[in-house]
Amino acid sequence: MPDKRPLSFLDRVRAILTDLPASERRLAQFALDFPGDLSSYNASELASLAQVSNATVTRLIRRLDYANYEAARRQIRTEKTDDTLLSPSPQLSVGEASLQSHLQDGYNKLSNTYRHLSHSVLQEASQAIRGARQIWVLGLQANYFLAGHFYWHLSRLMPGVRLIPGAGQTVCEYLADIQHQDVVIIFNLHPRAEGMPALMLRLETRCANIVLITDQDYKERPKSRWPLPCQPGSEQTPDNALAAASLSHLLLSEIANVCNALDRDESKQAPSPAETVFE
């Protein structure tokens, strides 16, 4: 006979996880990964641990077909009591829960980012960057610091790298210098500057080779040749740029691998000093 037992709380969450809006998906993923006893926390405490709003908790609970949060807590308690194979998890102290929450938030961002990455896109972008005439690294407002960090490392791997815009300048002032043999690497993460889609359209008239690092949930995300989406920061401030920083490091590592491979190939093809003398 088919199993007619009602779905567990976690099974309900897993069943709708991929269809959830961004904030609810963040909370749902937190619930799936949380090592402690969720039923030990009220709705406001859970919202604080997951770094979402109380309204997000309410919306998710209703979407899971519970009358309210207390109904969900009762089912979680029942499931923990019935599950004799697992030892009960002690409730974490406030300090321990805060540390665990921050660690879990970082893990979730990295996991969600890497789960949606395409290695072929990374390789193609890295090879194009290595072979470009000029590389332009672009970031506006808060993204300028992410772009600057990436530029600093990339400029030590290869020549021909520029960070734009410079102090007191706009991106439009560089358009005449950008050519179709170049690559433009754009950091466009929340909180982002207004007008980036229009700016990208103007950039594409000069160069279609665009690597775009942006949020997975950015609905107005412009199309680009090499999109590299990552998990955005939380609803609260300060923003957590862990996923963006890790993605930057990954791209730099891929570029370094491409550079090293090409250098080895070139060294194999170059004549030895003895061969040069006796030619």
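Here, the structure is the one placed above.
The rules behind the values
- Residues numbered from 1 in each chain as written.
- Predicted model: local features only at pLDDT ≥ 70, side-chain atom pairs only at ≥ 80, totals over all residues.
- Heavy atoms only, no water.
- Helix = DSSP H or I, 4+ residues; strand = E, 2+ residues; numbered from the N terminus.
- Expected span 1.5 Å × (residues − 1).
- Buried < 20%, exposed > 50% of the residue type's maximum accessible area, 1.4 Å probe, protein only.
- Phe/Tyr/Trp six-rings, centres within 6.5 Å; stacked < 30°, edge-to-face > 60°.
- Lys NZ or Arg CZ within 6 Å of the ring centre and 35° of its normal.
- Core = buried A, V, L, I, M, F, W, Y, C linked by side-chain atoms within 4.5 Å.
- Contact = heavy atoms within 4.5 Å.

A. Representation of helix 6 (residues 94-115) within the structure. With 22 residues, helix 6 should cover 32 Å at 1.5 Å per step; its first-to-last C-alpha distance of 31 Å lies within 8% of that length. Where helix 6 is concerned, the buried positions are A97, S101, Q104, D105, G106, N108, K109, N112 and T113.

B. Fine view of unusual backbone geometry. Cis rather than trans, the peptide bond between I164 and P165 has omega equal to 0°. Relative to the helices and strands, P165 resides in the loop between strand 2 (161-164) and strand 3 (183-188). Although it is not a glycine, Q51 sits at a positive phi angle of roughly 60°. Tracing the chain through its elements places Q51 in the loop between helix 3 (43-50) and helix 4 (54-63).

C. Geometry of the packing of aromatic side chains. As enumerated under the stated definition, the model contains three aromatic pairs in all. Summarising the aromatic geometry, the rings of F9 and Y66 are spaced 6.1 Å apart at their centres and angled 35° between planes, so their arrangement reads as tilted. Here the residue F9 occupies a position in helix 1 (residues 9-16), and Y66 occupies one in the loop between helix 4 and helix 5 (69-82), the gap between them amounting to 57 residues. Each of the two residues, F9 as well as Y66, counts as buried. With centroids separated by 6.3 Å and ring planes inclined at 65°, the aromatic side chains of W136 and Y174 adopt a geometry described as edge-to-face. Remark: Y174 occurs in the loop between strand 2 and strand 3 and W136 occurs in strand 1 (residues 135-139); sequence separation between them is 38 residues. Y174 carries the same exposure label as W136, and that label is buried. Seen from the ring of Y66, R12 lies directly overhead, with NZ or CZ sitting 4.1 Å from the centre.

D. Main features of the nonpolar core. The biggest cluster of nonpolar side chains holds 30 residues, and the ones touching the most others in it are I129, I135, F150, L154, I185, V211 and L228. Going through the elements one at a time, helix 7 (119-131), strand 1, helix 8 (143-157), strand 3, strand 4 (210-215), strand 5 (226-230) and helix 10 (242-269) are the ones with two or more residues in this core. Tallying contributions element by element places helix 10 first for this core, with eight residues. Among residues more than four places away in sequence, those in contact with I185 are I129, I135, W136, V137, L138, F150, L154 and V211. If you look at the next biggest cluster of nonpolar residues, it comprises 27 residues, including F9, F30, L46 and A47.

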